[in-house]
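Chain and residue survey
The lines below spell out each chain.
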Amino acid sequence: EPEVTQTPSHQVTQMGQEVILRCVPISNHLYFYWYRQILGQKVEFLVSFYNNEISEKSEIFDDQFSVERPDGSNFTLKIRSTKLEDSAMYFCASSARRTSYGYTFGSGTRLTVV
Amino acid sequence: GNSVTQMEGPVTLSEEAFLTINCTYTATGYPSLFWYVQYPGEGLQLLLKATKADDKGSNKGFEATYRKETTSFHLEKGSVQVSDSAVYFCALNEETSGSRLTFGEGTQLTVNP
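This section reports on the structure supplied with the text. One numbering rule holds for all chains: residues counted from 1, following each sequence as written. Note on labels: chains are lettered from A, ligands numbered from 1, in written order. In keeping with the model being predicted, local features are shown solely for residues with a pLDDT of at least 70 and side-chain atom pairs are shown and tallied solely at 80 or more, while totals for entire chains, interfaces and linings include all residues. Only hydrogens and water are removed before side-chain values are computed, so all heavy atoms of the structure are retained for them.

Looking now at the overall build of chain B. A run of H or I in DSSP becomes a helix once it reaches four residues, and a run of E becomes a strand once it reaches two; helices and strands are each numbered from the N terminus. Each helix and strand in chain B was counted, giving zero helices and twelve strands. Its helices and strands taken in sequence order, chain B reads β-β-β-β-β-β-β-β-β-β-β-β from the N to the C terminus. Its C-alpha atoms put chain B at 45 × 30 × 20 Å along the principal axes. Buried means the residue's accessible area, taken with a 1.4 Å probe over protein chains only, is under 20% of the maximum for its type, while exposed means over 50%, and partly exposed covers the values in between. Among the 113 residues that make up chain B, the fraction classed as buried is 47%.

Set out below in structure tokens:
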């Protein structure tokens, strides 16, 4: 069964450093997403991406965040200057069509900012 | 705005017990409703969905019925197994609000042999 692959599974970074989280969506999917889950809290939407541009973003997705699809297979989330409160599990997802059909999620990257 | 509320967890059951995890929602229109499951060390997997009122989603023995009158989408299973131990998330999408999913808090289920 096709999978969404995320790397690394766990990343530790120092406060103020830039971090890039990587995702390989399912190859024929067109919609890409990032979500995060701070420990003990709800899974929260960050951003959706379609046709090489951001189609929607939440209030969490401020200027510190950016997304990119640098080639035909990868989808990345960059955090420019990490803060302690960025520590969370970050999930990438992709879908072939709009959300009513459900996403396929990756297994997540646990980001720890120290 | 949209929101999803799940019953408080964690839930601990014995094998073959009946499971109900409550989920209620608030939405301005007619959302699609989902249950996702997260097994230890894995990502969120779509378990079942329903896209309109009175639809029943079902998969792997789990069921949930879209109840517009009570704005609910409770997850049920008649006889749970140890392998059902996971975190269960209720979620909604309202397409007029874009493609985002709005999640509930998640409910940890542990099934003991």
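To continue, consider the pairing of strand E8 (residues 62–65) of chain B. Residue and element names in this part refer to chain B. Examined bridge by bridge, strand E7 (residues 56–59) and E8 share four bridges and lie antiparallel to one another. Each bridged residue has a counterpart across the sheet, and for Gly57 the counterpart in E8 is Ala64. Where E7 hands over to E8, the hairpin turn is made up of two residues, of which Lys60 adopts a positive phi near 55°. One bridge is not enough; two strands pair if DSSP finds at least two bridges between them. As paired elements, E8 and strand E9 (residues 75–77) share three bridges and run antiparallel to each other. Across the sheet, Phe62 pairs through a bridge with Lys77, a residue of E9.

Here we take up the nonpolar core. Only buried residues count toward a nonpolar core, which is a set of Ala, Val, Leu, Ile, Met, Phe, Trp, Tyr and Cys residues joined through side-chain atoms within 4.5 Å. Membership of the largest hydrophobic core comes to 26 residues, with the highest contact counts inside it found for B:Trp35, B:Leu47, B:Leu48, B:Phe73, B:Leu75 and B:Tyr88. If you list the elements that add at least two residues to this core, you get strand E2 (11–14), strand E3 (19–21), strand E4 (23–26), strand E5 (32–38), strand E6 (44–50), E8, strand E10 (86–93) and strand E12 (107–112) of chain B. Examining the composition of this core, we find that four residues originate from one element, E10(B), more than from any other. Discounting residues that sit within four places of it in the chain, B:Leu48 has contacts with B:Leu33, B:Phe34, B:Trp35, B:Gly57, B:Ser58, B:Asn59, B:Phe62, B:Glu63, B:Ala64, B:Phe73 and B:Leu75. Ranked by size, the runner-up nonpolar core spans 23 residues in total, among them A:Val19, A:Phe49, A:Leu77 and A:Leu111. Residues count as neighbours in contact if any of their non-hydrogen atoms are within 4.5 Å of one another.

Below, the discussion takes up the packing of aromatic side chains. Working definition: rings of Phe, Tyr and Trp (its six-membered ring) pair if their centres are within 6.5 Å, and the pair is stacked with planes under 30 degrees apart, edge-to-face with planes over 60 apart, and tilted otherwise. This model, assessed by the stated rule, comprises 19 aromatic pairs over all chains. Residues A:Tyr35 and B:Phe103 carry aromatic rings whose centres are separated by 5.7 Å and whose planes lie at 85° to one another, so their mutual orientation is edge-to-face. Residue A:Tyr35 is found in strand E4 (residues 31–37), and its partner B:Phe103 is found in strand E11 (residues 102–103); the two belong to separate chains. Overall, B:Phe103 belongs to the buried group, its relative accessible area being 2%. Feature note: the residues A:Tyr33, A:Tyr35, A:Phe45, A:Phe91, A:Tyr103, A:Phe105, B:Phe34, B:Tyr36, B:Phe89 and B:Phe103 constitute an aromatic cluster, connected by ring pairs.

Let's shift gears to the side chain of A:Thr82. All names here are of chain A. Mapped onto the fold, Thr82 is located in the loop between strand E8 (75–79) and strand E9 (88–95). At 3.2 Å, the side chain of Thr82 forms a polar contact with the backbone oxygen of Gln14. Excluding anything up to four places from it in sequence, Thr82 contacts Thr13, Gln14, Met15, Gly16, Gln17, Val19 and Val113. Between N or O atoms, a polar contact is any pair within 3.5 Å; within protein, one atom must be a potential hydrogen donor and the other a potential acceptor, and residues adjacent in sequence are included only when both atoms are from side chains.

Turning our eyes to something else, we now look at the sheet that holds E7(B). Residues and elements named next belong to chain B. Strand order in the open sheet made by the four strands is E3-E9-E8-E7, with antiparallel pairing throughout. Looking along the sheet, the strands with just one partner apiece sit at the ends: E3 and E7. Going across the sheet, the axis of each strand differs from the next one's by a mean of 15°, ignoring polarity. Helix axes are fitted to C-alpha atoms over the stretch in contact, other axes to C-alpha atoms as well, and angles between N-to-C directions run from 0 to 180 degrees.

The next subject is the state of the cysteines. Whenever a pair of cysteine sulfur atoms sits within 2.5 Å, that pair is classed as a disulfide. This structure, assessed with the given rule, holds two disulfides over all chains. For A:Cys23, the disulfide goes to A:Cys92, at an S-S distance of 1.9 Å. Between A:Cys23 and A:Cys92 the sulfur-sulfur dihedral comes to about -65°; the bridge is accordingly left-handed. Remark: A:Cys92 occurs in strand E9 and A:Cys23 occurs in strand E3 (residues 19–24); sequence separation between them is 69 residues. Comparing A:Cys23 with A:Cys92 shows no difference in burial state: the two are buried. One disulfide bridge connects B:Cys23 with B:Cys90, the sulfur atoms lying 2.0 Å from each other. Across the S-S bond of B:Cys23 and B:Cys90 the torsion is about -70°, and the bridge reads as left-handed. In this pair, B:Cys23 sits in strand E4 while B:Cys90 sits in strand E10, placing the two residues 67 residues apart along the sequence. Each member of the pair, B:Cys23 as well as B:Cys90, carries the same accessibility label: buried.

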